[in-house]
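Descriptive analysis of the structure
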Amino acid sequence: MINRQLLNPESIVVIGGSNDVHKPGGAIVRNLIQGGFKGALHIVNPKEDEIQGIKVFHNAEELPATDLAIMVVAAKFCPDYVDYLAEHKQVRAFIIISAGFGEETKEGAELEQHILDTCEKYGCALIGPNCIGLLNNNHHSVFTKPIPKLHPQGVDFLSGSGATAVFILESAVIKGLQFNSVWSTGNGKQNGIEDVLQYMDEHFDPEHDSKVKLLYIENINDPDKMLLHASSLIRKGCRIAAIKAGSSESGSRAASSHTGAIASSDTAVEALFRKAGIVRCFSREELTTVGCIFTLPKITGKNFAIVTHAGGPGVMLTDALSKGGLNVPKLDGRLADELKAQLFPGSSVANPIDILATGTPEHLGIAIDYCEKKFDNIDAMMVIFGTPGLVQLYEAYDVLHKKILECKKPIFPILPCLNTAGPEVAEFLSKGHVNFSDEVTLGTALSQIMRTPQPVPQEINLMGVDIPKIRKIIDGIDENGYVAPDIVRQLLTCAKIPVVPEMVAGTKEELTAFAEKIGYPVVAKVVGPVHKSDVGGVALNVRSSEQLGMEFDRMMKIQDASAVMIQKMISGRELFVGAKYEPRFGHVVLCGLGGIFVEALKDVASGLAPLSADEVRTMIRSLRGYKILQGIRGQKGINEEKFIEIIQRLSVLLRYAIEIKEMDINPLLADGDDIVAVDARIRIEK
């Protein structure tokens with residue numbers, strides 16, 4: 001729950017406010033006063049009469065009715081305060097700074113639950129506990145610094161960690177990034193990051209609300225809620241970037257399939273962010289850099305001009321952009337010669353445009369004008385301009401300021417001399433600009449933004465998959481574990497995924513009759529062991545009934561063997577599709593090259609079921625081995641649209657069969673326009 005009393009209170013009480021600004025209680029009061037809170041500010045402290053110029057109430061009973069209470073007292077005292085303030089003082093919003101709750105002990109969790117129950121009873125909003133507070137244009141209810149420059153069109157920043165929020169703010173402030181609000185959700189007992197996104201989505205005002213959201217997430221408690229509201233906000237014109245920390249460890253359950261060995265909770269996070277259209281970041285610097293990029297006009301193309309007076313940074317930026325799939329096109333011909341004639345001898349205009357260390361502010365302006373007005377193959381500009389300490393840069397940065405306002409093409413200022421030219425950079429930022437002090441970080445962040453797809457449609461295309469029959473099959477399975485090959489075949493058939501003709505039997509006679517029917521050569525595979533190849537349970541190119549009989553006898557002696565399966569022997573490009581169920585997230589679907597390359601190369605792409613055709617197409621084309629799938633050195637490529645359709649169908653099957661915990665189709669064989677499933681395993685857990 002988020003309400004008016006939390007966002008725009010007419011009165012605030014700080015329980016535990018003090019004169020010591022080096023402690024949270026004193027710092028909160030200081031920040032509220034310095035932030036210009038316009039309402040009535042009250043303080044409760046039994047030991048003081050006046051705090052920072054404000055008359056103090058010695059106990060809560062003396063308080064008038066109040067909108068918002070900020071708790072900065074020991075955890076054990078908080079539940080009683082919340083009970084009393086909600087019932088007797090009409091407090092309808094609480095920010096609990098105090099720690100010592102569910103993040104530490106079982107007893108603390110009970111205190112936290114008591115507070116939540118009271119808030120739910122009286123309809124109160126709750127932020128925390130164990131947080132640094134809430135900062136917006138109405139009140140600065142945080143105890144930390146820095147307090148960033150606030151602006152209605154600044155960034156909304158949501159963090160599950162208070163300390164990390166401070167460090168991210170430090171990184172942002174020196175770049176000139178402005179904020180609209182800062183939310184530290186702490187334990188998120190009532191309002192976690194997903195809940196704040198939900199409120200922002202459901203109450204979004206396109207004319208007045210910020211259109212940039214930055215997130216630092218430690219736990220995704222409700223992936224569906226995050227997907228729904230993040231993608232909705234992005235469709236409404238917002239841009240969202242996030243760090244998800246703590247995803248590097250794979251699940252504790254041992255995986256028995258190829259997919260299980262590759263997929264992890266981090267794979268699910270990656271897939272969720274792509275599905276929602278969230279730009280994923282991996283560091284504070286990257287997150288705040290992406291935030292700064294979001295404040296600039298959107299780029300309409302991938303071609304960049306680099307204007308610099310230092311060759312090295314221009315080369316490093318060119319490398320970073322190129323590695324990220326962006327272009328630094330060569331500039332030549334009459335216009336390039338014309339520009340070069342207006343610069344000092346020795347300047348280079350090939351791109352990067354190097355105006356030399358002796359280049360003047362006038363030269364900087366000329367180079368920008370050519371990129372803006374004359375070079376049609378340029379979509380945006382990056383300007384690197386620092387100083388060796390010999391001159392001041394006020395005039396150059398004033399030129400840059402004016403060009404940013406005049407030009408229609410986005411300009412990315414890279415001003416690296418934060419120490420030597422600190423005052424000049426500060427004045428530039430004071431005019432409302434941002435600064436990217438490191439060119440490689442900028443190039444990497446920009447590439448990540450350009451690679452992030454738009455949110456996928458919410459509608460599910462069932463693709464003609466027989467959902468009722470799938471449910472009937474799943475519901476009829478009595479035991480957990482890997483299901484029999486005939487069940488696998490039935491499920492794939494329900495999803496209209498092509499399968500190679502096959503038969504499972506426990507006698508040579510049945511297998512021989514089937515082999516005669518479909519024609520030799522055939523493949524024989526042991527039924528029972530999970531990894532057939534590892535135990536010698538696969539025989540290829542079996543060409544006669546005598547050979548089939550010998551292979552049958554051999555395989556039935558393998559440990560755990562229960563039968564033998566034969567299939568029509570076919571050839572083609574080996575592909576792989578698999579899935580793993582991640583709790584709360586659903587099924588992570590993976591695809592890539594098949595056979596032994598799945599685990600050897602781990603060149604796989606992931607998506608979150610159900611998948612749209614565009615999602616699958618993006619997955620396939622992101623593979624390092626995509627050129628192999630297209631066909632190289634005279635080899636014919638696969639039917640890409642057929643591969644997309646099979647992955648889509650599989651994702652629909654999984655969406656309605658959450659009991660499937662791991663699944664491999666390895667390989668799918670692509671031969672000409674046909675793609676068929678040759679071997680598949682499905683593990684059920686009810």
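Computed from a predicted model, the values in this text were never measured in an experiment. (Residues numbered from 1 in each chain as written. Predicted model: local features only at pLDDT ≥ 70, side-chain atom pairs only at ≥ 80, totals over all residues. Heavy atoms only, no water.)

1. Considering the pairing of strand 8 (residues 133-136)
The cut-off we apply is this: Exposure categories follow from relative accessible area, calculated using a 1.4 Å probe and restricted to protein chains: below 20% of the type maximum is buried, above 50% is exposed, and the middle band is partly exposed. Runs of H or I in DSSP of at least four residues are treated as helices and runs of E of at least two as strands, each being numbered from the N terminus. DSSP calls a pair of strands paired once it identifies at least 2 bridges connecting them.
Alternating positions in strand 8 separate into two faces, Gly133 and Leu135 on one and Leu134 and Asn136 on the other, with burial throughout. Taking the residues that link successive antiparallel strands as the turn, the strand 8-strand 9 (residues 140-142) hairpin has three residues. As defined by bridge partners, strand 8 adjoins strand 11 (residues 179-184) across three bridges and the pair is classed as antiparallel. When the bridges of strand 11 are listed, Asn136 appears paired with Ser181.

2. Here's the deal with the UniProt feature "domain: ATP-grasp" (unreviewed entry) in the protein chain
Here is the rule: UniProt positions are given in the numbering used here, feature names are shortened, and annotations may be inferred rather than shown by experiment.
Under the present numbering, the feature "domain: ATP-grasp" (unreviewed entry) in UniProt falls on residues 489-574. Between the end C-alpha atoms of residues 489-574 the distance is 19 Å, and the span holds 33% helix and 27% strand.

3. Some thoughts on the environment of Asp674
Considering the arrangement of structural elements, one finds Asp674 in strand 28 (residues 674-677). Once the C-alpha coordinates of Asp674 and Val500 are considered, the two residues, 174 residues apart in sequence, prove to be 11 Å apart.

4. Describing the sheet that holds strand 11
Here is the rule: Axis definition: a line fitted to C-alpha atoms, over the contacting stretch in the case of helices. Angles run 0 to 180 degrees between N-to-C directions. Contacts are assigned to residue pairs that have any heavy atoms within 4.5 Å of one another.
Pairing in this open sheet of seven strands is mixed, and the strands run 9-8-11-10-12-13-14 from one edge to the other. Pairing within the sheet leaves two strands with one partner each, and these edge strands are strand 9 and strand 14 (279-281). Adjacent strand axes in the sheet meet at a mean angle of 20°, parallel and antiparallel pairs treated alike. On top of the sheet, helix 9 (residues 265-276) reaches strand 12 (212-217), strand 13 (239-244) and strand 14; it is set at about 140° to strand 14, its chief contact.

5. Some thoughts on the side chain of Asn180
The criterion, for reference: Polar contact is defined as a pair of N or O atoms within 3.5 Å, subject to the rule that within protein one atom must be able to donate a hydrogen and the other to accept it, and that residues adjacent in sequence are counted only when both atoms are side-chain atoms.
Take Asn180: it is sitting in strand 11. Given a relative accessible area of 16%, Asn180 falls into the buried group. Side-chain polar atoms of Asn180 contact the side chain of Asn137, separated by 2.9 Å. For Asn180, the residues in contact, after removing those within four places along its chain, are Leu135, Asn136, Asn137, Leu150, His151, Pro152, Gly154, Val155, Asp156 and Ser210.

6. Observations concerning the state of the cysteines
Applicable threshold: Count a disulfide wherever a pair of cysteine sulfur atoms falls within 2.5 Å.
Counted according to the given criterion, the structure contains zero disulfides. Cysteine Cys371 shares no disulfide, and the gap to the nearest cysteine sulfur, in Cys407, comes to 9.1 Å.

7. A word on the pattern of salt bridges
This is how it is decided: One speaks of a salt bridge when a side-chain nitrogen belonging to Lys or Arg is within 4 Å of a carboxyl oxygen belonging to Asp or Glu.
Under the defined criterion, the tally for this structure stands at 29 salt bridges. A salt bridge links Arg683 to Glu662, with the shortest nitrogen-to-oxygen separation between them at 3.5 Å. Note that Arg683 is positioned in strand 29 (residues 680-684) and Glu662 in strand 27 (residues 660-671), a separation of 21 residues in sequence. The two residues Arg683 and Glu662 agree in class, both being buried.

8. Let's talk about the packing of helix 19 (residues 508-518) against helix 20 (residues 545-555)
Condition: If an angle is under 35 degrees, it is roughly parallel; if it is over 145, roughly antiparallel; if it lies from 65 to 115, roughly perpendicular; otherwise it is oblique. Two helices cross in a left-handed way if the nearer one is turned anticlockwise from the farther one by less than a right angle. They cross in a right-handed way if the turn is clockwise. Each residue is assigned to one class: nonpolar for Ala, Val, Leu, Ile, Met, Phe, Trp, Tyr, Cys and Pro, charged for Asp, Glu, Lys and Arg, and polar for all the others, Gly among them.
It is at 10 Å that the axes of helix 19 and helix 20 come closest, and there the two elements cross at 140°. One way to sum up the angle between helix 19 and helix 20 is to call them oblique. Helix 19 and helix 20 meet at a crossing whose hand is right-handed. Each of Lys508, Leu511, Thr512, Ala515 and Glu516 in helix 19 lies in contact with helix 20, whose residues at this interface are Ser545, Leu548, Gly549, Phe552 and Asp553. Its residues assigned to classes, the contact of helix 19 with helix 20 comprises four nonpolar, three polar and three charged.

9. Brief notes about the nonpolar core
Formally: Among buried residues, the Ala, Val, Leu, Ile, Met, Phe, Trp, Tyr and Cys ones that are joined through side-chain atoms within 4.5 Å form a nonpolar core.
Counting 55 residues, the largest nonpolar core has Leu6, Ile70, Ile95, Trp183 and Phe273 as the members making the most contacts within it. The element that contributes the greatest number of residues to this core is helix 9, accounting for six residues. The residues contacting Ile95, other than those within four sequence positions of it, are Leu6, Leu68, Ala69, Ile70, Met71, Ile127, Cys131, Gly133, Leu134, His139 and Ser141. Ile470, Ile474, Leu623 and Ala657 belong to the second largest nonpolar core, which has 50 residues in total.

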